[in-house]
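Here are the chains, one letter per residue:
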Amino acid sequence: MTDPIRRLAARLGGTLAAALFGLQAISIAVTALVFTLPGPVAAQDAAAAPEVFVPRAVPGDWPKLRLEGLDLRLPPGRSVLEDYSDTKVWGRLDETSRTGVMFGLEFDKAPERALKRDNAQAAGAIMLPNGHVLRRWQMQAPPEAGVPGRAEVLVTDLPVRGEDRLAISVMTMNTDFKAAQTEFETFVSGIMLPAPGSAMRRDVFDGVLRLPFGTGWNGLGSSAPDSIWMFVDDLPGRLRIERGAAETAGLRTGTPGQAISFLGQPAQLFGYEDGSETVDDGTGQTGQTRIVVLETCLPDGGAVSILFSGMPGFFHDARVISPFADGLIVMPEGARPCAPGILPEGAQIAAPGSPRPAVLPPFDVAPVGAVQPRAEGTALGGLITYHLPIGWTAAPEPGDTGIGLAGPKGETAELARSAARIGAPGGLAAGVPKDAWPRSDIILGWPVRRFDWSDGGQEQRLYLYEHCLPGDEPFGLKISASKAFFEGKPFGDLYRGLKLAMPDAARPCPEPMLGDLIKAAAQDAQPAMTAPAQTAPAQSAPLQIAPVAPAATPGAAPEAEPDQFFPGQGGYALYQNARYGTFISYPASYFLPDPPPGNNDGRAFTSVDGWARFYVFASYNAEALTPAQQMARDIEAHGSASYSASGPGWYVISGAIGSDIYYRRVIEDMSGLIRVFEISYPQARKTEFDAVVAYMANSFGPGSGD
C-alpha cells in the first residue's frame, strides 16, 4: 500500500522520515514505533473488561462525510491524505513547526496482523453505546525519530462491512497527544456504526443504492465503475447491478414489464425462465431471471438496472432478501425520469398517481421444490455412472454389455460395448447410412467419431469412441430424439448425468475397426449422409479481387498437413480441424490457410489481397467462466461492440476496430470445449462481405444458434 505518512514525514524534514512511519495494513499503523508501557500492564489492560465509552457532543460545524456506506463527522480544516475505497486518512500538518495530527479509517479482515508486526501493544478496550467492543492498540516513536510521535488504533471485535472489521486511528507528531485524544474521542462519537451483528449499508454507485450485504458476498469491490457482479459461493445464482443503458440480459425484445415500487422508487419489473442459470439441484426446477429497471435515471441520463439470476433457492435465500428488505435508494440531485427510449421496449409506464405494488425478492419466483427421485447407478462394468434427469428411466441389459435409457418425451439413449453389440444387425450402429460422413467430436471428455442422420422424424446421433477398452473392445453411445432436444437444455441435462470412467489400459482402437463396424451395420436403403449443407450464397463469387496466381486446391495439402479440406459448391471449401473437429465453410479462392500452429488447436486464413483475415480455434474453458463473463472479456479485448447476441451455449459480438469490421462467434459444448470463429474485413467492403460472413457463421460448428 502507498505510504502517505512516510511522504508527509519527509515534508516535515529532520530524521522523522527515517522513523519510517508507515501504513502497512491499517491507516495509522507506524512501522518503527515501539510500546513504552510495561508488558504486564498491557496484559492486564487487554484482559480487563471493556471500558464504557461516553460519547462526546459533535460540534455543529463538523462536516458530514460518508465512506463506503459509513456516515461520520470530521473536524473542519482537515485535508485528505489518503483516499482509497477501504482507507481514508485526514490530517492537519504544519511543516514549519513540524507538527501534525491525523485521523484514519480502514476496513480490513484482520487488522491486528499488521499491528502486531509493527510492535503495537494491546491497551484495553472500550464499549460503544450500541454494544460494539473496540480493542485499543498503542504505539510510540523511538528517540531516534527526532520528533515525538504517538498513535492509537481502535479495532472492532466484530465485522461491520461484510467480513471486514473497522480500524479507527489517531496519530500525532510533535503534538500533545492528550489534547488530540479529546478531539479523537469526538471523531469516534460521530461515526455511525450499525448495531453489532447487523450489516452496514454498502454504497453502490456513489450511494445511489445503499444495501446491507452480509458476510459471504463477493464482487462488490469490482473495479468496473458501471457494472457489478456479485455472488455467494454456496448460492445457486448471482446478482448484477448496472448503470448506463438499461440491461436486459436474455430478455426477449418487447416482453412486457410491470410497473412496481422498488425500495420506494418507481421501476419496471421483467422476468423470464433462464435455462443458462439452471443447475441440477434435484428439484427439476428451471433457472429464473428477474430484472428491475428504475424509471428515474441518473443525472447523466443513465438507467440503473438490477438483475437477479439463479435457481429458486437463490431468490428465497435470506442473504438475497435481507439486503433489499433493509436497503435504500437515494437518488442524487439532478436525477430525472428516464428519457424516451431508455427503458426496455416492453416497459409499462403507469399513469402518475396510479398505485404500484411494492415488490422485492423473491418476486414471483416459486419456492424451492421437493427433491425428485432419479434413476442412478453404474453400467458396462463400471465404465458408466449415471444420475439421470428427472423423468428418465434406465434398463441395464443382461450381461452388463449395454444399458437403455428412456426420456419423458420419447427420447432414447443406448450405451453398449463389444463389436457384436455395436456392429451386428440391430446393434448400436444399425441405421447409419452406408456412406455416412463422420465428424470428430468430444463426448464425456474423450474423442469420438460422431454420425448424424434422420430416421422417421427423429434425429439420430451415434458416438463411437476412438479409444477401445482392453482387448480392443469398442464401445459407443447412441441417442434418438427431436432436433429441439439436441439444441436445447434437455441434451445438456442428460450429458451432465453421465460420467465416463475410462480405464487406464484403454488404447486407440486399431484401424480400420470403427469403419468396419459401420460398414457391417449399414443399410443401403437409407439415404446417404453427406457433409454439412454447402448451399453457397446466391452470388457464387461474392468477393471481387484482383487476379492472383492459382492457389493450391483445398484437400491437396502436403503430407504434413494435419487438418482436412473438402471441396464444396460455388468455390467454397469445408475446413475441419484434426484435433477438435471444428469445421467451417469458406471461399477457397479468396482465403488461403496459414501454416498450422504448433498445438493444432485451429487455423488462421488470410485473403489473397491481404485485406481480410479469419481464424477458428478451440480450447477448454479452464477458468470456468460463464458465457456472460466470456462475452464481457471479449468485448473488453476488442475495445467495444456495436452488436451482441447470445443463447444457450453460444454468443456473438461485432463492432469496428479502426477501419475494419470484426465479427466473433463463440460456441461452448457441454464438456466445456469452446470453439471460436472470428473474421475481420474493411468497413468499405461491408456490402460484399455481409452474405459471406453470414454463410460462414452458419456453417461453423459443431454448434447451434443464430
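Residues numbered from 1 in each chain as written. Predicted model: local features only at pLDDT ≥ 70, side-chain atom pairs only at ≥ 80, totals over all residues. Heavy atoms only, no water.

The subject of this paragraph is the state of the cysteines. A complete count under the given rule lists two disulfides for this structure. Covalent S-S linkage joins cysteine 297 and cysteine 338, the inter-sulfur distance amounting to 1.9 Å. Taking the sign of the S-S torsion, about 105° here, the bridge from cysteine 297 to cysteine 338 comes out right-handed. Placement of cysteine 297 in strand S19 (residues 296-297) and of cysteine 338 in the loop between strand S22 (336-337) and strand S23 (376-379) is noted, with a sequence separation of 41 residues between them. By the burial criterion, cysteine 297 is buried, and cysteine 338 matches it. Between the sulfur of cysteine 468 and that of cysteine 509 lies a disulfide, 2.0 Å long from S to S. One quick way to see it: the torsion about the S-S bond of cysteine 468 and cysteine 509 is about 110°, and its sign makes the bridge right-handed. One end of the pair, cysteine 468, is in strand S31 (residues 467-468); the other, cysteine 509, is in the loop between strand S34 (507-508) and helix H10 (513-521), and 41 residues separate them in sequence. The pair formed by cysteine 468 and cysteine 509 is uniform in burial state, with each residue classed as buried. Sequential numbering of the bridged cysteines in the protein chain gives the disulfide pattern 1-2, 3-4. (Disulfide = S-S within 2.5 Å. Helix = DSSP H or I, 4+ residues; strand = E, 2+ residues; numbered from the N terminus. Buried < 20%, exposed > 50% of the residue type's maximum accessible area, 1.4 Å probe, protein only.)

What follows is about the sheet that holds strand S17 (residues 265-273). Taken in spatial order, the seven strands line up as S13-S14-S15-S20-S18-S17-S16 in an open sheet, and their pairing is antiparallel. Strand pairing shows two members of the sheet lacking a second neighbour, strand S13 (217-218) and strand S16 (258-262), which therefore form its edges. As judged from the four bridges shared by strand S14 (residues 227-232) and strand S15 (residues 237-244), these two strands associate in the antiparallel manner. Paired with isoleucine 228 across the strands is isoleucine 241, a residue of S15. Packed onto the sheet, helix H6 (residues 318-325) meets S13, S14, S15, S16 and strand S20 (303-310) and runs at close to 160° relative to S20. (Pairing = 2+ DSSP bridges. Contact = heavy atoms within 4.5 Å. Axes fitted to C-alpha atoms, helices over the stretch in contact; angles between N-to-C directions.)

Here threonine 289 is to be found in strand S18 (residues 288-294). A polar side-chain atom of threonine 289 sits 2.7 Å from a polar atom in the side chain of aspartate 274. Ignoring sequence-local partners within four residues, the contact set of threonine 289 consists of Phe270, Gly271, Tyr272, Asp274, Glu277, Phe308, Ser309 and Phe315. (Polar contact = N/O pair within 3.5 Å; in protein donor to acceptor, adjacent residues only side chain to side chain.)

Below, the discussion takes up the side chain of asparagine 600. Structurally, the position occupied by asparagine 600 is in the loop between strand S38 (591-593) and strand S39 (602-607). The class for asparagine 600 is buried, based on a relative accessible area of 14%. Residues in contact with asparagine 600, not counting those within four places in the same chain, are Pro562, Asp563, Asn577, Ala578 and Arg579.

Let us look at the environment of glutamate 295. You can see glutamate 295 is positioned in the loop between S18 and S19. For glutamate 295, a relative accessible area of 11% corresponds to the buried category. As a C-alpha pair, glutamate 295 and isoleucine 260 span 35 residues in sequence and 9.8 Å in three-dimensional space. When near neighbours in sequence (up to four residues on either side) are disregarded, glutamate 295 contacts Pro266, Ala267, Gln268, Arg336, Pro337, Cys338, Leu343, Ile349 and Arg356. Polar side-chain contacts of glutamate 295 include one of 2.9 Å to the side chain of arginine 356.

Scored by pLDDT, the protein chain comes out at a mean of 83, with 86% of its residues at no less than 70. Low pLDDT, under 50, characterises residues 1-46; the predicted model gives this stretch 119 contacts beyond four residues in sequence or across chains. (pLDDT = per-residue confidence, 0-100.)

Judged by nonpolar contacts, the single largest core of 34 residues is most densely connected at Leu209, Leu239, Phe262, Val292, Ile306 and Phe308. Excluding its chain neighbours within four sequence positions, the residues that come into contact with leucine 239 are Phe213, Trp217, Ile228, Trp229, Met230, Ile306, Leu307, Phe308, Phe314 and Phe324. Within the second largest apolar cluster, 31 residues are counted, among which are Ile384, Leu388, Leu405 and Leu500. (Core = buried A, V, L, I, M, F, W, Y, C linked by side-chain atoms within 4.5 Å.)

The element strand S30 (residues 458-465) is largely enclosed, with a buried count of six among its eight residues. Here strand S29 (residues 446-455) runs beside S30; their pairing, made up of eight bridges, is antiparallel. Looking at the pairing, serine 454 lines up with glutamate 459 of S30. Taking the residues that link successive antiparallel strands as the turn, the S29-S30 hairpin has two residues, and the phi of glycine 456 there is positive, at about 65°. One ladder, built from six bridges, connects S30 with strand S32 (residues 475-481); its direction is antiparallel. From the neighbouring strand, leucine 462 faces S32, where its bridge partner is lysine 478.

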